[in-house]
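# Topology and contacts: notes
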Amino acid sequence: MMFALALRLRGVHPRLQQLFLKWTRPSSGQTRSDAASPVILDPGDYKDLFLRTSTTASAYEGIPLSTLAPSARGSILEAVTCRFLGKVCSITAPPLTLSHDQRYTLPANQSRCDLVADGLHTEVKSAQFTYDSARRRWRFVFRHVKLMDFDVAFLVLYSPRGIDIVKWDGTRYSSNGKATAAQGGSIFVYGPAGVLDWSQALEVILRQCLPGQLVQHIDFCQPDYADILSRTTATSRIYAGIPLALYAPSVRGAILQ
């Protein structure tokens, strides 16, 4: 059985091989005949599913921060933006600080905005450039925008090109009905319909569709932010190189189903 399984594992990702082989080994106190039924699974039967990709995942292959969960990536992008604003603004309240688990720690005397810059309560919102297959276009979606919590907002556009920081002009905002007060609204920025190439779609957005003024572009290799952009999480390290790890939860869930 093990020999046959090893033959079937040829061509399957090494980490998946380890997973399937682990399933075939009996746990402590079990004999091989008592081992769980997954031993009958043939990894080759699922190889085509694990090798599936999405338009978004393909675009971000090898891109910094792409393996992080959205919350962890958002915290890092906000930290990058806070450092940039510290260079061009007078910061009178400390920005949120990243803890060891990549979460922000909110000082007791600080309001719900991210920082106070030039005397203004300032909010930082980030979004990943993703492909909306239903609308056949690339987009940024900034969620949980609570207008009453800040005076000025900066939108952080994360894409395979790098990081673009935009001072929001208040446009492209959509409320969320009765839930707006508690959950905030959203800012939608769409690329042209029918354009599959992310770089072409992003170029159109940067030239024509930005909801505000582009104030800074930051490359992933820029030395001033290298210490922040190199941060990882325990989860991202565990899943490094694992198939499906780059996918959005909804896409990964559909494949697993």
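Please refer to the structure placed before this passage.
For the structure given in this document, a descriptive report is provided here.

Cut-offs used in this document
- Residues numbered from 1 in each chain as written.
- Predicted model: local features only at pLDDT ≥ 70, side-chain atom pairs only at ≥ 80, totals over all residues.
- Heavy atoms only, no water.
- Helix = DSSP H or I, 4+ residues; strand = E, 2+ residues; numbered from the N terminus.
- Buried < 20%, exposed > 50% of the residue type's maximum accessible area, 1.4 Å probe, protein only.
- Areas by Shrake-Rupley, 256 points an atom, 1.4 Å probe, with all protein chains shown as cover.
- Pairing = 2+ DSSP bridges.
- Phe/Tyr/Trp six-rings, centres within 6.5 Å; stacked < 30°, edge-to-face > 60°.
- Core = buried A, V, L, I, M, F, W, Y, C linked by side-chain atoms within 4.5 Å.
- Contact = heavy atoms within 4.5 Å.
- Salt bridge = Lys/Arg side-chain N within 4 Å of Asp/Glu carboxyl O.

## Section: the overall build of the protein chain
In terms of regular secondary structure, the protein chain is built from ten helices and twelve strands. Buried residues in the protein chain amount to 39% of all 257 residues. A total accessible area of about 14300 Å² is found for the protein chain, and carbon and sulfur atoms account for 53% of it.

## A look at the sheet that holds strand β10 (residues 173–174)
One open sheet accounts for four strands, arranged β6-β7-β11-β10; its pairing is antiparallel. The outermost strands of the open sheet, each flanked by one partner alone, are β6 (130–132) and β10. Pairing between β10 and strand β11 (residues 185–190): two bridges, direction antiparallel. Looking across to β11, one finds that Ser174 is bridged to Ser186.

## Considering unusual backbone geometry
The backbone phi angle of Leu65 is positive, close to 75°, even though this residue is not glycine. When you line up the elements, Leu65 lands in the loop between α4 (55–59) and α5 (70–88). Under the relative-accessibility criterion, Leu65 is labelled buried at 7%. Phi at Arg136 is positive, roughly 55°, even though this residue is not glycine. Within the fold, Arg136 resides in the loop between β6 and β7 (137–145).

## Thoughts on the packing of aromatic side chains
In total, this model carries nine aromatic pairs according to the counting rule given. Taken together, a centroid distance of 5.9 Å and an interplanar angle of 70° make the contact between Tyr158 and Phe220 edge-to-face. One end of the pair, Tyr158, is in strand β8 (residues 152–159); the other, Phe220, is in the loop between β12 (212–218) and α8 (226–229), with 62 residues separating them in the sequence. Just as Tyr158 is buried, Phe220 falls in that class too. Considering the side-chain rings of Trp168 and Tyr173, the 6.2 Å spacing of their centres and the 50° angle between planes classify their relative orientation as tilted.

## Re the nonpolar core
Core analysis: the largest hydrophobic core is formed by 51 residues, its most contacted members being Phe129, Phe140, Phe142 and Ile163. If you tally residues by element for this core, the top one is α5, at eight residues. Setting aside anything within four residues of it in sequence, one finds Phe129 in contact with Thr56, Tyr60, Trp138, Arg139, Phe140, Tyr158, Ser159, Trp198, Ala201, Leu202 and Ile205.

## Side note on the pairing of strand β9 (residues 162–168)
For β9, a buried count of six out of seven residues is recorded, marking the element as mostly surrounded by other parts of the structure. Judged from the six bridges that link them, β8 and β9 form a sheet pairing that is antiparallel. Residue Val156 lies in a different strand from β9, and its bridge partner there is Ile165. As consecutive antiparallel partners, β8 and β9 are separated by two residues. Bridge count for β9 against β12 is six bridges, and the pairing is antiparallel.

## Comments concerning the pairing of β7
Pairing of β6 with β7, which is carried by three bridges, proceeds in the antiparallel orientation. Within the sheet, the bridge partner assigned to Tyr131 lies in β7 and is Trp138. As paired strands, β7 and β11 are joined by five bridges and run antiparallel to one another. If you follow Val141 over to β11, its bridge partner there is Phe188.

## Describing the pattern of salt bridges
The final tally for this structure, using the stated rule, is seven salt bridges. Between Arg83 and Asp227 there is a salt bridge whose closest N-O contact spans 2.8 Å. In this pair, Arg83 is assigned in helix α5 and Asp227 in helix α8, connecting sequence segments 144 residues apart. Judged by its relative accessible area of 40%, Asp227 is partly exposed. Its salt-bridge partner being Asp164, residue Arg161 comes within 2.8 Å of it at the nearest N-O pair. Here the residues in one salt-bridge network are Asp132, Arg135 and Arg139, joined through shared partners.

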